[in-house]
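# Overview (structure and organization)
Below, each chain spelled out in residue letters.
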Amino acid sequence: MTWNLVSDSSCDLRASSFHSGSVRFTSVPLHIQVGEQTFVDDDSLSVPAMLSAMAAEKAASSSACPSPAAFAEAFKAGDRTVCFTISSQLSGTYHAACIARDMVLEEHPDKQICVIDSRSAAGAMVLLIRRARALIEADPEADFEAVCGQLRRYQASLRTCFTLENFDNLIKSGRMRPIVGTLLHSLGIHVIADATPEGTIHVADKARGVNKTYRAITALMGASKDCTDAEVVISHCENLEGAMALKRQILEDLPVKHVDLLSCRGLTSFYAMEKGLIVGY
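This text gives an overview of the structure that appears in the document.

This part covers the pattern of salt bridges. All told, the structure shown has five salt bridges when counted by the stated rule. A salt bridge links R265 to D41; the nearest nitrogen and oxygen atoms lie 3.9 Å apart. With R265 in the loop between β12 (258-263) and α10 (266-272) and D41 in the loop between β4 (37-40) and α1 (47-56), this residue pair connects regions lying 224 residues apart in the sequence. Residues joined by salt bridges that share partners form a network here, namely D41, D43 and R265.

Moving on: the nonpolar core. Ranked by size, the top nonpolar core spans 28 residues in total, and within it L5, V82, F84 and I129 carry the most contacts. At the level of elements, β1 (3-8), β2 (23-28), β6 (80-85), β7 (112-117), α4 (123-138) and α5 (144-157) are the ones that each hand at least two residues to this core. Take this core: its biggest share by element is eight residues, from α4. Not counting residues within four places of it along the chain, the set of residues in contact with V82 comprises W3, N4, L5, V6, C114, I116, F144, C148 and L151. Ranked by size, the runner-up nonpolar core spans 23 residues in total, among them A122, L164, A193 and L267.

Let's shift gears to unusual backbone geometry. A positive phi angle is found at A122, which is not glycine, with a value near 55°. Counting through the fold element by element, A122 comes out in the loop between β7 and α4. On the basis of relative accessibility, which here comes to 1%, the residue A122 falls in the buried class. The residue K275 is not glycine, and still its phi comes out positive at about 80°.

Time to look at the state of the cysteines. Tallied over the full model, the rule gives zero disulfides. Here C65 is not cross-linked by a disulfide; its sulfur's nearest cysteine counterpart is in C98, at 12 Å. By relative accessible area, C65 is classed as partly exposed at 34%. Residue C237 stays outside any disulfide, its sulfur separated by 5.2 Å from that of C264, the closest cysteine. Overall, C237 belongs to the buried group, its relative accessible area being 1%.

Turning to the packing of aromatic side chains, a few remarks are in order. Evaluation of the coordinates by the stated rule reveals four aromatic pairs. Each ring, one from F270 and one from Y271, has its centre 5.3 Å from the other, and the planes form 75°; the classification is edge-to-face. Residue F270 is classed as buried on the basis of its relative accessible area of 8%. Since its relative accessible area comes to 33%, Y271 is described here as partly exposed. Of note, R131 hangs over the ring of Y154, and the distance from its end group to the ring centre comes to 3.8 Å.

On to a nonpolar patch on the surface, then. A contiguous nonpolar patch, built from L90, I201 and Y271 and spanning about 250 Å² of accessible area, is present on the exposed surface. Locating I201 in the fold gives a position in strand β10 (residues 201-208). For I201, a relative accessible area of 48% gives the class partly exposed.

Cut-offs and rules
- Residues numbered from 1 in each chain as written.
- Predicted model: local features only at pLDDT ≥ 70, side-chain atom pairs only at ≥ 80, totals over all residues.
- Heavy atoms only, no water.
- Salt bridge = Lys/Arg side-chain N within 4 Å of Asp/Glu carboxyl O.
- Helix = DSSP H or I, 4+ residues; strand = E, 2+ residues; numbered from the N terminus.
- Core = buried A, V, L, I, M, F, W, Y, C linked by side-chain atoms within 4.5 Å.
- Buried < 20%, exposed > 50% of the residue type's maximum accessible area, 1.4 Å probe, protein only.
- Contact = heavy atoms within 4.5 Å.
- Disulfide = S-S within 2.5 Å.
- Phe/Tyr/Trp six-rings, centres within 6.5 Å; stacked < 30°, edge-to-face > 60°.
- Lys NZ or Arg CZ within 6 Å of the ring centre and 35° of its normal.
- Patch = residues over 30% accessible without salt bridge, like charges linked within 9 Å, V, L, I, M, F, W, Y side chains within 5 Å.
- Areas by Shrake-Rupley, 256 points an atom, 1.4 Å probe, with all protein chains shown as cover.

Spelled out as structure tokens, the structure:
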């Protein structure tokens, strides 16, 4: 019996870095449209090249979710599949995955497929994939619905917050006035936001300077949940130095278990932009 984990590429875990002797993992790519160029968010994508193209393009860039057919192909590879998607409030990806599930089950009714809305992206999805792998490897014969139930409860306990330094895409898309973006950037003001339990984005705070920003993030994390022994994943968009500094602040301020650092993939880079940091915990 083959266990199959699937996510879309808003999960910053690359397929090439997933290792398991008993569990498959497939990342189904989203697409980022920058002018006339289409960037496929797979392991071969050059994030710096995509960011450069976005900076040079006058119009707003956009993203497109995977097709149901792309998810269906991934689902067919396993007997038991658990799929995690970016928040349904941000993308049509969850809906596409649900359509794919129904398509595959109609053709292969013996398969078991569960689609879970992460209500987030980036590190929170990485944590879900890792928890799923641990549960399956501990008991490959575990009841499928019981595993899915545990993962849904774990998803409800996860939180996401992020900070932005670059507002170009918000300005180009009309979501921020140019004068506001210029003022924030010139003053060194960072926007700090989090994901609501429903999966929408909420602007929680603003801070001037990186040190105040990192302390504001840890304060937000501590206020949102008990972080004792929490696993934390920081995704950074071309900002390893900032991610390392934030990691030190988290370890200093909060009783977390450990903090991992990952580079943003294409879709999370599209949202976070250069220097952005996304924290899943």
